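Survey of secondary and tertiary structure
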Amino acid sequence: MNKNLIYTSFFLLGIIAVSFFFPVVQAIENGKQNVMSTTVVIDSVVKEIVGDKINTSVLIEGEADPHSYQMRKGDREKIYAADLIFANGLSLEHSPSLYYHLEQERAVFLGDVLLQERPEWIISNNGEIDPHMWMDLQIMQKVAAMICEKVSKLDPVNKEFYEKNCTLLEQKMEELDTKIMGMMESIPDSKRYLVSSHDAFMYFIRRYFPSSTGERLFSMQGISTESEISLKRIRQVINYIKDHGITTIFFESNLPKDCILKVLEICSSFGMEVKISEDPLYGDTLGGMTYLEMMEHDAKVIVENLRGER
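Residues numbered from 1 in each chain as written. Predicted model: local features only at pLDDT ≥ 70, side-chain atom pairs only at ≥ 80, totals over all residues. Heavy atoms only, no water.

**Observations concerning the overall build of the protein**
- On a plain count of helices and strands, the protein comes out with 11 helices and 10 strands.
- Residues classed as buried in the protein amount to 49% of the 310 residues present.
- Approximately 15,500 Å² of the protein is accessible, and the part contributed by carbon and sulfur atoms is 53%. (Helix = DSSP H or I, 4+ residues; strand = E, 2+ residues; numbered from the N terminus. Buried < 20%, exposed > 50% of the residue type's maximum accessible area, 1.4 Å probe, protein only. Areas by Shrake-Rupley, 256 points an atom, 1.4 Å probe, with all protein chains shown as cover.)

**Here's the deal with the packing of helix H2 (residues 40-50) against helix H6 (residues 137-154)**
- At a minimum axis separation of 10 Å, H2 and H6 run at an interaxial angle of 60 degrees. Taken together, the axis directions place H2 and H6 in an arrangement best described as oblique. Of the two elements, H2 crosses H6, and the hand of that crossing is right-handed. Touching Val 41, Ile 42, Val 45, Val 46, Ile 49 and Val 50 of H2 are Met 140, Ala 144, Ile 147, Cys 148 and Val 151, all from H6.
- Residue composition of the contact of H2 with H6, by class: 11 nonpolar, no polar and no charged. (Axes fitted to C-alpha atoms, helices over the stretch in contact; angles between N-to-C directions. Parallel < 35°, antiparallel > 145°, perpendicular 65-115°, else oblique. Left-handed = near helix turned anticlockwise from the far one by under 90°. Contact = heavy atoms within 4.5 Å. Nonpolar A, V, L, I, M, F, W, Y, C, P; charged D, E, K, R; others polar.)

**Describing the pattern of salt bridges**
- For the structure on display, the rule yields 11 salt bridges.
- In this structure, the salt-bridge partner of Arg 207 is Asp 136, at a minimum N-O distance of 3.9 Å. With Arg 207 in helix H8 (residues 202-208) and Asp 136 in the loop between strand S6 (128-129) and H6, this pair connects stretches of sequence that are 71 residues apart.
- Take Asp 136: its relative accessible area is 3%, and that puts it in the buried class.
- For Asp 189, the salt bridge is made with Arg 216, and the minimal N-O distance between the two is 3.4 Å. With a gap of 27 residues between them, Asp 189 in the loop between helix H7 (159-185) and strand S7 (194-196) and Arg 216 in the loop between H8 and strand S8 (217-219) connect regions that are remote in the sequence.
- Relative accessible area serves as the criterion here: at 36%, Asp 189 is assigned to the partly exposed category. (Salt bridge = Lys/Arg side-chain N within 4 Å of Asp/Glu carboxyl O.)

**As for the side chain of Glu 93**
- Topologically, Glu 93 is positioned in the loop between strand S3 (84-87) and helix H4 (96-102).
- The buried charged residue Glu 93 lacks any salt bridge, with Lys 78 as its nearest oppositely charged partner at 14 Å.
- A polar contact of 2.7 Å, which involves the side chain of Glu 93, links it to the side chain of Thr 38.
- Here the side chain of Glu 93 touches Gly 89 through a polar contact of 2.9 Å, landing on its backbone nitrogen. (Lys, Arg positive; Asp, Glu negative; His and termini not counted. Polar contact = N/O pair within 3.5 Å; in protein donor to acceptor, adjacent residues only side chain to side chain.)

**Section: the packing of aromatic side chains**
- Enumeration over the complete set of coordinates arrives at five aromatic pairs.
- Plain terms: the ring middles of Tyr 193 and Tyr 240 are 6.2 Å apart, the flat faces sit at 75 degrees to each other, and that makes the pair edge-to-face. With Tyr 193 in the loop between H7 and S7 and Tyr 240 in helix H9 (residues 231-244), this residue pair connects regions lying 47 residues apart in the sequence. As far as burial versus exposure is concerned, Tyr 193 and Tyr 240 are alike and both buried. (Phe/Tyr/Trp six-rings, centres within 6.5 Å; stacked < 30°, edge-to-face > 60°.)

**Remarks on the sheet that holds strand S4 (residues 107-109)**
- With respect to topology, four strands assemble into an open sheet ordered S2-S1-S3-S4, the strand pairing being parallel. Here the strands that pair on one side only, and so sit at the sheet edges, are strand S2 (55-58) and S4. Strand-to-strand twist of the sheet, defined as the mean angle between neighbouring strand axes without regard to direction, takes the value 20 degrees.
- Summarising the sheet, strand S1 (residues 34-37) and S3 pair through three bridges and their orientation is parallel. Within S3, the position partnered with Ser 37 by the bridge is Phe 86. (Pairing = 2+ DSSP bridges.)

**Some details on the packing of H2 against H7**
- Packing of H2 against H7 brings their axes to within 7 Å, and their N-to-C directions diverge by 130 degrees. In terms of orientation, H2 lies oblique with respect to H7. Note on element contacts: H7 touches H2 through Phe 161, Tyr 162, Asn 165, Cys 166, Leu 169, Lys 172 and Met 173, opposite Val 45, Glu 48, Ile 49 and Val 50.
- Broken down by class, the residue content of the contact of H2 with H7 amounts to eight nonpolar, one polar and two charged.

Just geometry here; none of it tells us what the structure is for.
The structure is reproduced here in structure tokens:
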């Protein structure tokens, strides 16, 4: 065999081995820095702030469930090509392979920073931290400010641009926060109860159901969508529906309706008139909307159903 061919083969194998075991070298594309977000929610907020000054990408795209996400082909390259990474944190990105690659200096776990700075803002249920902080617009104003600070350090030349966009975004968030509060106040107190697919709405309930007393949210599954509904949980949700006169159960866009349909069947056998919402709620995804559009959509679906307009 030709010696040059042998040496070339070993050289190529060496390059492949190095690229497998070591991170991909970061590169500035089109003269711009690269920022990656783990979720579509964070990516939407980042885009509002950075505009066209920074290249943005998202790891968990579309309707993919962030609770159960596993590393896919090309993810590793995407992660290591980023100059800055924004992760939700609070154990949302908990798969071992994903967390291993995210645990680096370039990654900012936004929820974990909040947990240290404002622990009272983060919800814990039976010792399990709830990662769905984005369902509270007041919290997300703080998150936006954190993102702005980090991208300004990454690209100080455009700091004024980012700060201006962040201020505008915070104003939009504040206005929508006030609007949603008003929408929820229009629901009679006796009807301010929400039954949903999984525990994605505890932050929403805490923030937007005014003068709430007792437990106003009951979900089929726990905080993670990976948990399965048990017979005990089914009995509990049936009793909750009966006790509070629930007439609508809300489903989420990226989750199966099997457990909801099972509950509806049992309710029907007991003569209870309960239906599933016509439109989905978006707990972990955006359905092609921006973050602010998703929040307003969810609020409209909730208020129309709980006021009996659907």
